[in-house]
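Examination of the molecular architecture
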Amino acid sequence: MNTKLTFFLFSAIVFSQKPYRGAEYRTIENHQYGRFEVRMKSAPGSGVVSSFFTIKDYWAEGLSETENWREIDFEALGQYTNKFQTNIITAYETHHEELHTLLYNPHVGFHTYAFEWTPDYIDFYIDGQLIRHDENDYVQTLDSGQKIMMNIWQPIWENWAGPFDENMLPIYAFYDWVKYFSYTPGSGNYGANNNFSLVWFDDFNFFDDARWQKATHTWSANNAQFVQENAVLQDGYLILCLTDNTTSGYSGGPLGIFKKKNNNHKK
């Protein structure tokens, strides 16, 4: 059978088997070391995960062995109204998870999440407060470029994400902006010890196809197929949507209800 036709048929079968549609926004370029920062309002609901992370896209390099896995995560588990998860994933999909208790509901308002990734340590911050410091041997194995990503999906693992009720759909995660700072020790002007320098920020006023891609893939542990229609830019926000498999896009209320803060990032 023709290879392209085989791929098309396989993709169609996989798509039809997924009960939900999600979204993923990812950079085209890799970034190695730096400060990665987002202002987001995560998605509510048991069984729902919305995220901000970096990952080595080794699949795009033609590799498949999990020994190549490298990832740094902020993950909002929708079942919790006062917790947020950080994770560092290393070779053979080895997880180093921490679940942090918050003084607020991350699904109600916008907050700033950042991590600083250097050759020697990874620090995680929420609203400017250091919540986790990792200086373990496995940090030094994260020594190649990673893509910046955000997604919303429905995991099969109830013991992690909680049971899911599809009657909650549609569900949304909102992103105000993303910043990337390079690691410039001794010459920076931002972050811990002024070791970081702003390279770019994106406030989602338009789809910058020179920087971002809208994903169209899925995987076995994800009950949602990523579709481009569920990554919506509207009124200066990126909205990642989780819907059933017959609808897509944002159908919520007006976005003017969100009060933008910290506008000094628009330099």
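Residues numbered from 1 in each chain as written. Predicted model: local features only at pLDDT ≥ 70, side-chain atom pairs only at ≥ 80, totals over all residues. Heavy atoms only, no water.

Looking only at helices and strands, the chain features 2 helices and 16 strands. Split into buried and exposed, the 267 residues of the chain put 53% on the buried side. Excluding contacts between residues fewer than 6 apart, the proportion of contacts in the chain whose partners are at least 24 apart in sequence is 67%. Here the chain has roughly 12400 Å² of accessible surface; of this, 50% comes from carbon and sulfur atoms. (Helix = DSSP H or I, 4+ residues; strand = E, 2+ residues; numbered from the N terminus. Buried < 20%, exposed > 50% of the residue type's maximum accessible area, 1.4 Å probe, protein only. Contact = heavy atoms within 4.5 Å. Areas by Shrake-Rupley, 256 points an atom, 1.4 Å probe, with all protein chains shown as cover.)

This part covers the packing of aromatic side chains. Applying the stated rule across the entire model yields 32 aromatic pairs. The interplanar angle of 65° and the centroid separation of 6.1 Å between the aromatic rings of Tyr-58 and Trp-69 together place this pair among those described as edge-to-face. Of this pair, Tyr-58 sits in the loop between β3 (49-55) and β4 (71-77) while Trp-69 sits in the loop between β3 and β4, placing them 11 residues apart in sequence. For the pair Tyr-58 and Trp-69, a shared accessibility class is recorded, and that class is buried. With centroids separated by 5.8 Å and ring planes inclined at 85°, the aromatic side chains of Trp-200 and Trp-212 adopt a geometry described as edge-to-face. A residue pair is termed long-range when its members are at least 10 positions apart, and Trp-200 in strand β12 (residues 196-202) and Trp-212 in strand β13 (residues 212-214) qualify at 12 residues. Under the relative-accessibility criterion, Trp-212 is labelled buried at 1%. Seen from the ring of Trp-177, Lys-179 lies directly overhead, with NZ or CZ sitting 4.5 Å from the centre. We note Arg-211 situated over the ring of Trp-200; from NZ or CZ to the ring centre the distance is 4.1 Å. (Phe/Tyr/Trp six-rings, centres within 6.5 Å; stacked < 30°, edge-to-face > 60°. Lys NZ or Arg CZ within 6 Å of the ring centre and 35° of its normal.)

A word on the nonpolar core. Counting residues in each nonpolar core, the largest one holds 44 residues, and the members touching the most others are Phe-52, Met-150, Ile-152, Tyr-175 and Leu-240. No other element matches strand β11 (residues 171-183), which puts 5 residues into this core. With sequence-adjacent residues up to four places away left out, Leu-240 is seen in contact with Ala-23, Tyr-25, Met-150, Asn-151, Ile-152, Ile-171, Tyr-172, Ala-173, Tyr-175, Asn-230 and Ala-231. Among the nonpolar cores identified, the runner-up in size contains 9 residues, and Phe-110, Phe-174, Cys-241 and Leu-255 belong to it. (Core = buried A, V, L, I, M, F, W, Y, C linked by side-chain atoms within 4.5 Å.)

Now for the pattern of salt bridges. Taken as a whole and assessed by the stated rule, the structure comprises 12 salt bridges. The partner of Glu-37 in a salt bridge is Arg-35, with the nearest N and O atoms 2.7 Å apart. Of the two residues, Glu-37 and Arg-35, both sit in the buried class. We note a salt bridge from Asp-57 to Lys-147, for which the minimum N-O separation is 3.0 Å. A residue pair is termed long-range when its members are at least 10 positions apart, and Asp-57 in the loop between β3 and β4 and Lys-147 in strand β10 (residues 147-153) qualify at 90 residues. The exposure class assigned to Asp-57 is buried, which follows from its relative accessible area of 9%. Sharing partners across several salt bridges, the network here consists of Glu-24, Arg-26, Asp-57 and Lys-147. (Salt bridge = Lys/Arg side-chain N within 4 Å of Asp/Glu carboxyl O.)

Below, the discussion takes up the side chain of Thr-243. You can see Thr-243 is positioned in strand β16 (residues 237-244). Judged by its relative accessible area of 1%, Thr-243 falls in the buried class. Of the polar contacts made by the side chain of Thr-243, one reaches the backbone oxygen of Thr-247; its length is 2.8 Å. Ignoring anything within four residues of it in the chain, the contact list for Thr-243 reads Tyr-20, Arg-21, Leu-169, Pro-170, Asn-230, Ser-248 and Gly-249. (Polar contact = N/O pair within 3.5 Å; in protein donor to acceptor, adjacent residues only side chain to side chain.)

By themselves, these are just geometric observations and shouldn't be taken as functional.
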